[in-house]
Amino acid sequence: MVEPADRPSAAGQRLGAPESFGVSTLEPGLRPPAQPPGRQVSIRVQMLDDTQEVFQISQRSPGKVLFDLVCVHLNLAEGDYFGLEYQDQRKMVVWLDLLKPTLKQIRRPKNTILRFVVKFFPPDHTQLMEELTRYLFALQIKHDLACGRLICNDTSAALMVSHIIQSEIGDYDETQSWQHLLHNKYLPDQDALRDKITDCHRKHVGQTPAESDYQLLEIARRLEMYGVRLHPAKDREGTKLSLSVAHTGVLVFQGYTKINAFNWSKIRKLSFKRKRFLIKLRADPTQNAHHDTLEFAMASRDCCKVFWKICVEYHAFFRLFEEPKPKPKPVLFTRGSSFRFSGRTQKQIIDYVKDSELKKVPFERKHSKILSNSSMSPQSSSFRSQVPKESAMSVPLADQPDSARLGHRANSNGSDEPPTATSNANGFHDILAAPGSDPTQSRQNHHGTGSAPDQQLLNPGPACRANKGSPGSADSPLASAHALVNGTGSVNGQAMASGVILGPGPSPDGRLPSPLTSPLLTEAGYVRTDDEDEARRKKFPTDKAYFIAKELLTTERTYLKDLQVITVSFQSVVGKDEALPDSVRNLISANYDPVYKFHQGFLKEVEQRLAQWEGRSNAHIKGDYQRIGDVLLKNIQGLRQLTVQLQKHSECLVELERACRSSRRLEALCRDFEQQKACYLPFNIFLLRPLHRLLHYKLILERLCKHYPPTHDDFRDSRAALADISEMVLQLQGTMMKMENFQKLLELKKDLTGIENLAIPGREFIRLGCLSKLSGKGLQQRMFFLFSDSLVYTSRGMTPSNQFKVHGQLPLYGMTIRESEEEWGVPHSFTLFGQRQSVVVAASCASEMERWVEDIRMAIDLAEQSSSAHTDLLSTSLSDNKLSEDGGAEQESEEELCGSRSSLERHGHRGNTTVHVCWHRNTSVSMVDFSVAVENQLSGNLLRKFKNSNGWQKLWVVFTNFSLFFYKSHQDDYPLASLPLLGYSVTVPSESENIHKDYVFKLHFKSHVYYFRSESEYTFERWMEVIRSATCSASRSLPTSRKDLY
């Protein structure tokens, strides 16, 4: 079936030198695709490594047969990212249509050479599961560099070529590397960059070919011209432009500079008429109607059609869940093109590779003279994080956004040496400006009631308000309170004894202290001055590995405290009551107690190792204690013995919920337990903590392996531990994702009244947040909850538990959505057209509207694809006696929004859950954001300073569930205060703020400002990273959908 053009080759052995192997997941010798009968024709295909192969196909076989033969020959499981291109009789380069007969497209097969190349470039190469696929992508990048198609600056070009050479000849050798560059052409102007290439190459010692491919793709994907294929065009004024298509939509270039981009969500239709290519956009409120259609002139109708086809395929590949179905053939006549995308979509590829038990077999790398150890290559390990990601600081400057370019202080080769500090007073503004973001931007709150919404959240309770003025006065704690406080107020609803006051009274200048201060945390309670702290800090190790190990220690301490909530607090309060069935009690005890005991021992080992690392104990013992990988490897291997218990944790959550539904007494006990100070989060979150902790170990080990050079003594143990924990995460991630969604539905059920059957199989939570609903009274603030089958809208009720009262439900099946700012004159508004009713709503800002519109459209697609019948969420009483929107939904007054003493003293108060925070901050949160928050949890000591204070206070701070929780020390059993971060902005202080300290970051929301100071550059970067994950909404797209898990 396959005849090599130049040399013999087996299906599993090809591409060059026999001594260099990688890994593919298909076995050699797979059965070729079936072909229709007929005369055999030889087709020549040029591979990405420039070898040519000859394939025999039937003269009537479609293009898919030839394409499948190539993929089988390469043992390529992820072949749908690639395509076959050729030059047709019009001298145009076109893609082989997989649905049409090959010989109807290639008129002269003997004189035509097809090229097997990358067709679809994903935004992130970590979505490529196989090493072979990444290798082929690396070959494509190599080809694009050589032909001048991938335009970039000299630093990027030299760095990419150095990775290519590392994969081909291995570690740097002066003579060999120089000769290799003389005999191989990687860049059009290679001679001028030869010295820079060799300088980069010598820094890749020990890097395997697979790792070199990974680093090459990491750099390439950040370039503006990555994956761009330019199609010449002109605009209406005759200006020469170029059009291109990417995963995000249609791009417009002038020369090699991108000047415009049209996202798929904004494009209503793509078409062409003769030489004109038309882009019809969805109505934009800021533009006039006649700008709805954009027109570009191309060289010919054929050029238009070629570009239109690749646009159709890109849209289907990246945006659809599955291959589009063929249209039925018309009876009389046709209108328009019948062309459609053929093949698997990206989602189907990821699902197939993830779900299939594919055997890995070696493949050969052309020109590579070193052995590629597949076990050392970056392999896909989980849905959340498939491969370790390279730091943005290793990306060449010229190809980063301005904010990231300002922040570049490390060598572009990713050296392990920490960047040297500058003399800037603001310390680290230049390092942590994230790519594509402006560090000065903050999410604006458009509530319109000043800071009042925030004040109810930050109410310090009656004890702190005893002898103060009105709530609106400047001296009121409501005006200065910035955190949820355990006075007779609460942290997550837990009431404290009324005698505990978190403030010693007014300061000498008459101002009230912050609710975060207490007699234990004020300046009088300082244990260490700044100078003493600086002297102490200088004694500790400065290696990044030490701070990674310290992060393991600090987060392990918090994790053990969370396990105590289940094994100690819950068992002592609820476990002894007869209302809890013995089966559930035994199930929780049998599956959490062993995990708790194991982690007690683990924590002791980590504490001992850190003490030895710092030189605080066992100073007389000689040994290599500046490592942590051996401790992690030993304990992760021990943790694998508890896999059975970890798998049972989801059953514990389900059985406890079932028991609560069948016993009102048990439900009341659990509700009361959640009001206790130690249970600072919803109890169900604690039940999922052991599964979440596996992700944290994996991320810590990825950072450790990335930091260590392969020659480091700790590298082998760290890599082995990473392989073990990755296997556990992969084994348990399906259960984890199901339980996260189930837990979120249970939590929302407590926040809503007038709703039934919320947590049912198949229902997926997507987004919750604040929108303004247009009614007879005008715009009224409403809380919306988007699920995979319906959209529910509510208002904040005056129930004893501060639940949200449901007003209506819009089934998603058959729903349409339309932007309607011009129609109603309301900014950022859109209309939802349901089968029973239509609703006009408005978001607080354009970005918030875009998030809602995109998620609602995605949910509508999910609902229409689902075969299950619609389930009414509303309770019978509400369905029969629906409140009128004008009469029964009173708007809360300003005083009610700010909260009153009685509301804080109500039984079962739930006034500071994520739902309530979104209500007061006028923002929204998606399930994607919750999933990101699960991974981004952090603990440790920080120094905190208020806007108008002089001193710094040392606090133990825990970041989880979009909030900071403050403790005096890590030994405390409950937090003193908390600060929800949704809506906050995290930046670094400016020169004018006179914060002359290193490693300081700033949190601000409206007039509320906090400064926090960390102990090292690493911890500073980590705190900024995790806080940004809460304050900046996550990417809308996920590598796969959760809907197939139910």
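As the structure is a computational prediction, the values presented were derived from the model and not from experiment.

Rules and cut-offs
- Residues numbered from 1 in each chain as written.
- Predicted model: local features only at pLDDT ≥ 70, side-chain atom pairs only at ≥ 80, totals over all residues.
- Heavy atoms only, no water.
- Helix = DSSP H or I, 4+ residues; strand = E, 2+ residues; numbered from the N terminus.
- Buried < 20%, exposed > 50% of the residue type's maximum accessible area, 1.4 Å probe, protein only.
- Contact = heavy atoms within 4.5 Å.
- Areas by Shrake-Rupley, 256 points an atom, 1.4 Å probe, with all protein chains shown as cover.
- Phe/Tyr/Trp six-rings, centres within 6.5 Å; stacked < 30°, edge-to-face > 60°.
- Lys NZ or Arg CZ within 6 Å of the ring centre and 35° of its normal.
- pLDDT = per-residue confidence, 0-100.
- Pairing = 2+ DSSP bridges.
- Polar contact = N/O pair within 3.5 Å; in protein donor to acceptor, adjacent residues only side chain to side chain.
- Core = buried A, V, L, I, M, F, W, Y, C linked by side-chain atoms within 4.5 Å.
- Axes fitted to C-alpha atoms, helices over the stretch in contact; angles between N-to-C directions.
- Parallel < 35°, antiparallel > 145°, perpendicular 65-115°, else oblique.
- Left-handed = near helix turned anticlockwise from the far one by under 90°.
- Nonpolar A, V, L, I, M, F, W, Y, C, P; charged D, E, K, R; others polar.
- Arc of directions from axis to C-beta.
- Salt bridge = Lys/Arg side-chain N within 4 Å of Asp/Glu carboxyl O.
- Patch = residues over 30% accessible without salt bridge, like charges linked within 9 Å, V, L, I, M, F, W, Y side chains within 5 Å.
- Disulfide = S-S within 2.5 Å.

1. Concerning the overall build of the chain
Secondary structure summary: the chain contains 30 helices and 34 strands in total. Per-residue burial for the chain yields a buried fraction of 57% across its 1046 residues. Once local pairs closer than 6 in sequence are excluded, the contacts in the chain between residues at least 24 apart make up 67%. Only carbon and sulfur atoms are counted for the fraction: they give 50% of the accessible area of the chain, which is about 44,200 Å².

2. Observations regarding helix H28 (residues 914–921)
Helical geometry: 3.6 residues make up each α-helical turn, so side chains three or four residues apart lie on a common side. Among the eight residues that make up H28, eight are buried, leaving the element largely enclosed by the rest of the structure. Residue Asn922 follows H28 closely and has a positive phi angle near 55 degrees.

3. Brief notes about the packing of aromatic side chains
If you walk through the whole model with that rule in mind, you get 34 aromatic pairs. Through a chain of ring-to-ring contacts, three or more aromatic side chains come together here, namely Phe67, Tyr81, Phe82, Phe116, Phe120, Phe121, Phe137, Tyr226, Tyr314, Phe317 and Phe318. Seen from the ring of Tyr352, Arg344 lies directly overhead, with NZ or CZ sitting 4.9 Å from the centre. The ring of Trp952 is capped by Arg1013, whose NZ or CZ atom sits 5.7 Å from the centre of that ring.

4. A short note on the confidence of the model for the chain
A residue-level look at the chain finds 71% of positions with pLDDT of 70 or above and a mean pLDDT of 75. In this model residues 371–529 is a low-confidence stretch, pLDDT under 50, and it forms 399 contacts with partners more than four residues away in sequence or in other chains. A low-confidence stretch, residues 618–622 (pLDDT under 50), is modelled with two contacts involving residues beyond four sequence positions or located in other chains.

5. A word on the pairing of strand S3 (residues 40–46)
Only one face of S3 is buried: it carries Val41, Ile43 and Val45, and the other face, with Gln40, Ser42, Arg44 and Gln46, is open. Both S3 and strand S4 (residues 52–58) contribute to a ladder of seven bridges, which runs antiparallel. Paired with Val41 across the strands is Ile57, a residue of S4. Between S3 and S4, which pair antiparallel and follow one another directly, the connecting turn spans five residues, one of which, Asp50, has a positive phi of 75 degrees. With three bridges connecting them, S3 and strand S7 (residues 113–118) associate as parallel partners. Paired with Val45 across the strands is Leu114, a residue of S7.

6. Comments concerning the environment of Leu563
Among the structural elements, Leu563 can be located in helix H15 (residues 544–575). We classify Leu563 as buried; its relative accessible area is 0%. Separated by 126 residues in sequence, Leu563 and Arg689 place their C-alpha atoms 7.8 Å apart. Each residue touching Leu563, except ones within four places of it in the same chain, is listed here: Val595, Tyr596, His599 and Pro690.

7. Examining the side chain of Ser790
Along the chain, Ser790 falls in strand S22 (residues 790–796). Within the structure, Ser790 has its side chain in polar contact with the side chain of Asp789 (distance 3.5 Å).

8. Digging into the nonpolar core
Judged by nonpolar contacts, the single largest core of 98 residues is most densely connected at Val45, Phe82, Phe116 and Phe277. Looking at this core element by element, the count peaks at 10 residues for helix H8 (residues 301–319). In this view, Val45 contacts Thr51, Gln52, Glu53, Phe55, Leu66, Val70, Leu84, Leu114 and Phe116; residues no more than four positions away in its chain are not counted. Grouped together as the second largest cluster of nonpolar side chains are 79 residues, Leu587, Leu639, Tyr680 and Ile700 included.

9. As for the packing of H15 against helix H19 (residues 664–674)
At a closest axis distance of 10 Å, the pairing of H15 and H19 adopts a crossing angle of 130 degrees. On the basis of their axis angle, the class for H15 and H19 is oblique. You can see that H15 and H19 cross each other, and the crossing is right-handed. Seen from H15, the contacting residues are Val565, Ser569, Phe570, Val573 and Val574; seen from H19, they are Leu666, Leu669, Cys670 and Phe673. Among the residues forming the contact of H15 with H19, the class breakdown is eight nonpolar, one polar and no charged.

10. Side note on the packing of H15 against helix H16 (residues 582–614)
Two elements in contact, H15 and H16, have axes whose closest approach is 9 Å; the angle formed by their N-to-C orientations is 150 degrees. In terms of orientation, H15 and H16 fall into the roughly antiparallel class. The two elements H15 and H16 meet at a crossing, and its hand is left-handed.

11. Examining the environment of Ser177
One can find Ser177 in helix H5 (residues 174–183). Distance in space between the C-alpha atoms of Ser177 and Thr198 is 7.2 Å, their sequence separation being 21 residues. Each residue touching Ser177, except ones within four places of it in the same chain, is listed here: Ile169, Tyr172 and His201. Of the polar contacts made by the side chain of Ser177, one reaches the side chain of His201; its length is 3.3 Å.

12. A word on unusual backbone geometry
Negative phi characterises most residues that are not glycine, and trans characterises most peptide bonds. Even without being glycine, Arg274 reaches a positive phi, approximately 55 degrees. Here Arg274 lies in the loop between strand S12 (267–273) and strand S13 (276–281). By relative accessible area, which is 61% here, Arg274 ends up exposed.

13. Quick notes on H5
Of all the positions in H5, only Ser177, His180 and Leu181 are classed as buried. Each buried residue of H5 sits inside an arc of 95 degrees when the element is viewed along its axis, so together they form one side. Among the exposed residues of H5, those pointing more than 90 degrees away from its buried face are Thr175 and His183. Tucked inside the fold, the buried residues of H5 contact helix H4 (154–169) and helix H6 (194–201).

14. Observations regarding the pairing of strand S23 (residues 804–811)
Burial analysis of S23 places seven of its eight residues in the buried class, the great majority of the element. Relative to S23, strand S19 (residues 752–753) runs parallel, the two sharing two bridges. Of the residues in S23, the one forming a bridge with Leu752 is Phe804. Two elements, S22 and S23, share seven bridges in a ladder whose sense is antiparallel. Following the sheet pairing, Val792 is matched in S23 by Gln809.

15. Looking at the pattern of salt bridges
On inspection of all chains with the given rule, the structure shows 47 salt bridges. Measuring nitrogen to oxygen at the nearest pair gives 3.0 Å for the salt bridge that ties Glu655 to Arg658. Here the residue Glu655 and the residue Arg658 both occupy positions in helix H18 (residues 643–662), the gap between them amounting to three residues, near one helical turn. Using a relative accessible area of 25% as the deciding quantity, one classes Glu655 as partly exposed. Here Arg658 falls in the partly exposed class, since its relative accessible area comes to 45%. One salt-bridge network, held together by shared partners, links Arg609, Arg627, Asp630, Asp714 and Asp717.

16. Things to note about a nonpolar patch on the surface
Together, Ile151, Leu230 and Tyr256 make up an exposed nonpolar region whose accessible area comes to about 250 Å². With respect to the helices and strands, the residue Leu230 is situated in the loop between helix H7 (209–220) and strand S8 (231–234).

17. Details of the state of the cysteines
Scanning the entire structure with this criterion turns up zero disulfides. You can see Cys918 has no disulfide; the closest cysteine sulfur is in Cys770, sitting 7.9 Å from it. Looking at Cys918, the relative accessible area reads 0%, which means it is buried.

18. Observations concerning the environment of Ala759
Along the chain, the position of Ala759 falls in the loop between S19 and strand S20 (765–775). Looking at Ala759, the relative accessible area reads 23%, which means it is partly exposed. Along the sequence, Ala759 and Lys749 sit 10 residues apart, while their C-alpha atoms lie 7.8 Å from each other. Apart from residues lying up to four places away in sequence, Ala759 is in contact with Phe742, Leu745 and Leu746.

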